[in-house]
Amino acid sequence: MEQFFTTLGIWLGVLFTFAIFSFLYKDNHFYKIAEQIFVGLSAGYWFVYTIFFILIPNLYDPLTQDFNANWIKLIPAILGIMMLMRLIPKIEWVSRYPISVVIGTTSGVFFLRYLKSDVLNQLTATMINPFIGESWVIIIGNLMLIIGTICGVIYFYFSKKHTGALGVSAKIGIYFLMISFGAAFGYTAMARISLLIGRLQFLLGDWLGIIQP
Amino acid sequence: MGKAKQIDRRWIFLLIFIGVALPLIFTIGLPLETTKNVQMVYDMVESMPKGSKALISFDYDPASMPELHPMAKALLKHCFDKDINLIFTAMWPMGVQMAEDIMAQLQDDYPDLKYGEDYVNLGFKAGGMVTIQSMGKNFREIFPKDMNGNDIDELPIMDGINNFNNIGFIFSLSAGAPGIKEWVQIAHDAYGRPTSGGCTGVSAPAMLPYVNEQQQLTGLLAGLKAAAEYEILIKTPGTAISGMDAQSIAHLIIIIFIAIGNINYWRNKKAEKKGGK
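Note that the structure is predicted; figures quoted are calculated from it, not measured.

Draft legend 1. View of the overall build of chain B. A tally of helices and strands in chain B yields 10 helices and 6 strands. Taken over the C-alpha atoms alone, chain B extends approximately 85 × 40 × 35 Å along its principal axes. Put simply, chain B has 277 residues, and 45% of those count as buried. Taking as baseline every contact in chain B between residues at least 6 positions apart, the subset at least 24 positions apart corresponds to 73%.

Here you go:
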């Protein structure tokens with residue numbers, strides 16, 4: 001029986017893979033069916049997951065097992081219910097309060113962490129002696145890091161017209177930005193091809209058995 | 001540009017499909033060099049004493065399996081070969097299954113591994129950064145039980161693990177948020193623990209700045225290429241290496257089409273200028 005379901009799973013996977021790939025030729029009913037099944041399954045999965053893996057272990061179980069020690073969990077529960085009021089137009093305004101609590105708390109928690117990790121530590125990592133390096137490649141890399149950071153920041157300084165030295169620095173900054181966007185695009189292309197490789201490894205390996213899965 | 005001069009994009013799709021499929025069937029074995037970031041991860045694992053403990057967070061789902069599964073497998077193999085005990089956790093719900101799947105694949109290679117002694121799966125916990133922060137204060141508050149419902153005080157691997165202090169290193173296999181960024185912000189920047197990660201190619205440019213002088217990240221495995229490099233380092237070829245031939249051919253096809261597109265563009269521009277005169 002287990003073997004039957006494994007084989008059925010592989011065949012379903014194959015059918016859905018081809019249905020999705022068929023969109024590359026042109027939009028068609030097979031693609032639409034596969035897309036809608038995927039969306040429906042995802043929504044159903046997450047609905048069940050939220051109830052059984054978030055609401056029950058984090059709210060229902062603690063409250064039913066030891067209410068006195070966990071009554072404070074009622075506060076987020078009430079805020080969650082208030083958030084759902086958004087679905088009723090007449091009392092939609094109620095949902096603004098839990099949203100403000102979420103935004104306020106998130107800002108407070110994230111501010112310090114981001115300030116340390118993304119601002120202070122990044123700045124410290126850039127404040128290096130560029131000429132200390134094992135090889136000339138590292139030294140050039142260090143210099144590029146410093147020049148790129150400074151010029152990149154200058155490009156986003158809009159309080160003064162970009163002319164003269166400021167203009168030249170901003171121009172260098174934009175070149176660094178363009179190169180970084182190009183590198184990011186390269187990584188994205190690699191990631192997308194990796195996904196195709198994953199699908200083909202499934203088709204050629206698990207389904208056809210031509211290659212080792 | 002006249003429409004008649006444009007290549008039907010479906011030819012490009014077909015060529016990419018063939019370009020990826022053929023190298024998977026007929027291996028070419030194109031050379032691959034190890035990069036510094038991958039070497040740093042390898043060296044970090046190598047430097048861990050026998051019996052030390054590492055925390056591996058599976059922060060991805062099946063959508064990112066082709067990129068992250070090979071590197072997860074290679075990393076876990078390396079850790080088990082070095083007798084490093086592994087504590088699995090997940091900041092993504094499906095991460096739990098990802099860890100389970102890798103362990104099922106490794107079962108034949110490591111039949112003597114004992115659950116609860118050599119490795120443990122603590123499961124998923126919602127909350128991202130807040131959860132990680134609480135783990136840094138008290139593990140048991142967040143994970144009183146493992147994913148099978150066992151009390152973690154009864155598991156030998158969790159002896160002496162109350163927070164991040166006795167963890168040798170932390171490694172996040174990440175496809176987005178919560179993931180590497182959150183682990184860096186808390187585990188490294190707040191608690192000072194060596195932290196590293198593996199991510200998808202798409203998120204690599206956002207993660208690379210953390211590999212810096214401050215060692216916010218100790219190396220980074222970015223995308224399938226890094227997974228292939230790691231497989232080379234541990235001398236265990238896997239699906240990442242076999243995928244790299246296909247990756248290279250696909251990139252070559254993309255580069256050729258970019259060149260053709262640009263040449264076509266300049267030719268048309270020249271023709272338009274001539275026509276204008």
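Draft legend 2. Summary view of the overall build of chain A. For chain A, the count of helices and strands is 7 helices and 0 strands. Shown N-terminal to C-terminal, the secondary structure of chain A runs as helices and strands in the order α-α-α-α-α-α-α. Since a compact globule built from 213 residues should have a radius of gyration of about 17 Å, the 27 Å found for chain A marks it as more spread out than a globular shape. Its C-alpha atoms put chain A at 70 × 60 × 40 Å along the principal axes.

Draft legend 3. Structural view of the domain arrangement of chain B. When its domains are assigned, chain B resolves into domain 1 (3–26 + 246–276) and domain 2 (36–237). A separation of 40 Å is found between the C-alpha centroids of domain 1 of chain B and domain 2 of chain B.

Draft legend 4. View of the environment of Pro31 of chain B. Note on placement: Pro31 of chain B falls in the loop between helix H1 (9–25) and helix H2 (36–46). Considering only alpha carbons, one finds Pro31 of chain B and Met44 of chain B, 13 residues apart in sequence, at a separation of 25 Å.

Draft legend 5. Looking closely at the environment of Phe169 of chain B. Residues and elements named next belong to chain B. By secondary structure assignment, the location of Phe169 is in strand S4 (residues 169–174). Counting along the chain gives 49 residues from Phe169 to Thr218, while the straight-line C-alpha distance between them is 9.5 Å. When residues no more than four places from it in sequence are discounted, the contact partners of Phe169 are Met44, Met48, Ala54, Pro194, Thr195 and Ser196.

Draft legend 6. Examining the packing of helix H1 (residues 2–21) of chain A against helix H2 (residues 29–65) of chain A more closely. Residues and elements named next belong to chain A. Contact pair H1 / H2: the axes reach a minimum separation of 7 Å and the direction vectors enclose 120°. By the angle between their axes, H1 is oblique relative to H2. Here H1 and H2 pass one another in a crossing that is left-handed. Residue-level contacts link Phe16, Ala19 and Ile20 of H1 to Phe30, Tyr31, Ile33 and Ala34 of H2. A class-by-class count of the residues in the contact of H1 with H2 yields 7 nonpolar, no polar and no charged.

Draft legend 7. Structural context of the sheet that holds strand S2 (residues 85–90) of chain B. Residues and elements named next belong to chain B. The strand order across the open sheet formed by 6 strands is S3-S2-S1-S4-S5-S6, and the pairing between neighbours is parallel. Each end of this open sheet is capped by a strand with a single partner; those strands are strand S3 (119–124) and strand S6 (220–222). Strand-to-strand twist in this sheet, taken as the mean axis angle between neighbours without regard to direction, amounts to 15°. Note that S2 and S3 share 4 bridges and pair parallel.

Draft legend 8. Representation of the nonpolar core in the model. With 81 residues, the main nonpolar core has Val20 and Met71 of chain B as its most contacted residues. For this core, the leading source of residues is helix H7 (residues 164–207) of chain A, giving 8 residues. Both domains that furnish three or more residues to this core are identified here as domain 1 (3–26 + 246–276) and domain 2 (36–237) of chain B. When residues no more than four places from it in sequence are discounted, the contact partners of Val20 of chain B are Ile193, Leu196, Ile197 and Leu200 of chain A together with Ala246, Ile249 and Ala250 of chain B.

Draft legend 9. Region of the structure containing the pairing of strand S1 (residues 53–59) of chain B. All names here are of chain B. The element S1 is extensively covered by neighbouring structure, given that 7 of its 7 residues are classed as buried. Neither face of S1 is left uncovered, since the one carrying Lys53, Leu55, Ser57 and Asp59 and the one carrying Ala54, Ile56 and Phe58 both have all their residues buried. In this fold, the crossover linking S1 to S2 by way of helix H3 (residues 65–81) has right-handed handedness. Sheet topology places S1 next to S4; 6 bridges connect them, and they run parallel. Across the sheet, Ser57 pairs through a bridge with Ser172, a residue of S4.

Draft legend 10. Up close: the interface of chain B and chain A. Counting residues at the interface gives 36 residues for chain B and 33 residues for chain A. Elements with a contribution of two residues or more to the side of chain B that touches chain A: H1, H3, helix H5 (129–137), helix H7 (180–188), helix H8 (204–207), helix H9 (223–233) and helix H10 (239–276) of chain B. Here the side of chain B that touches chain A is composed, by residue class, of 21 nonpolar, 10 polar and 5 charged.

Draft legend 11. Geometry of the packing of H3 of chain B against H9 of chain B. Residue and element names in this part refer to chain B. Two elements in contact, H3 and H9, have axes whose closest approach is 8 Å; the angle formed by their N-to-C orientations is 25°. Accordingly, the angle class assigned to the pair H3 and H9 is roughly parallel. Crossing handedness for the pair H3 and H9: left-handed. Residues Glu67, Pro70, Met71, Ala74 and Leu75 of H3 lie in contact with H9, whose contacting residues are Gly223, Leu224, Ala226, Ala227, Tyr230 and Glu231.

Draft legend 12. Representation of the pairing of S2 of chain B within the structure. All names here are of chain B. Counting buried positions along S2 gives 6 out of 6 residues, so the element sits mostly inside the fold. The two faces of S2 match: Asn85, Ile87 and Thr89 on one face and Leu86, Phe88 and Ala90 on the other face are all buried. The parallel pair S2 and S3, bridged by helix H4 (residues 95–106), forms a crossover whose chirality is right-handed.

Draft legend 13. Region of interest: the environment of Thr149 of chain A. By secondary structure assignment, the location of Thr149 of chain A is in helix H6 (residues 136–155). For the pair Thr149 of chain A and Gly173 of chain A, spaced 24 residues apart in sequence, the C-alpha to C-alpha distance is 7.9 Å.

Draft legend 14. Expanded view of unusual backbone geometry. All names here are of chain B. For the bond running from Ala177 to Pro178, omega is -5°, close enough to zero to count as cis. Here Pro178 lies in the loop between S4 and H7. Of note, Asp83 is a non-glycine position whose phi angle comes to about 60°, a positive value. Residue Asp83 is classed as exposed on the basis of its C-beta count, with 12 C-beta atoms lying within 10 Å. In this structure, Gln215 is a non-glycine residue whose phi angle is positive, near 50°. Its location among the elements puts Gln215 in the loop between H8 and S6.

Draft legend 15. Spatial organisation of H3 of chain B. Residue and element names in this part refer to chain B. Its 17 residues place the ends of H3 23 Å apart at the C-alpha level, agreeing with the 24 Å of an ideal helix rising 1.5 Å per residue. Where burial is concerned, most of H3 is hidden: 14 out of the 17 residues are buried. In the stretch just after H3, Asp83 is the one whose phi turns positive, near 60°.

Cut-offs applied
- Residues numbered from 1 in each chain as written.
- Chains lettered and ligands numbered in written order.
- Predicted model: local features only at pLDDT ≥ 70, side-chain atom pairs only at ≥ 80, totals over all residues.
- Helix = DSSP H or I, 4+ residues; strand = E, 2+ residues; numbered from the N terminus.
- Buried ≥ 20, exposed ≤ 12 C-beta atoms within 10 Å, placed from the backbone.
- Contact = placed C-beta atoms within 7 Å.
- Rg over C-alpha atoms; globule rule 2.2 N^0.38 Å.
- Domains from an automatic or database assignment.
- Axes fitted to C-alpha atoms, helices over the stretch in contact; angles between N-to-C directions.
- Parallel < 35°, antiparallel > 145°, perpendicular 65-115°, else oblique.
- Left-handed = near helix turned anticlockwise from the far one by under 90°.
- Nonpolar A, V, L, I, M, F, W, Y, C, P; charged D, E, K, R; others polar.
- Pairing = 2+ DSSP bridges.
- Core = buried A, V, L, I, M, F, W, Y, C linked by C-beta atoms within 7 Å.
- Right-handed = clockwise from strand over helix to strand, strands pointing away.
- Expected span 1.5 Å × (residues − 1).

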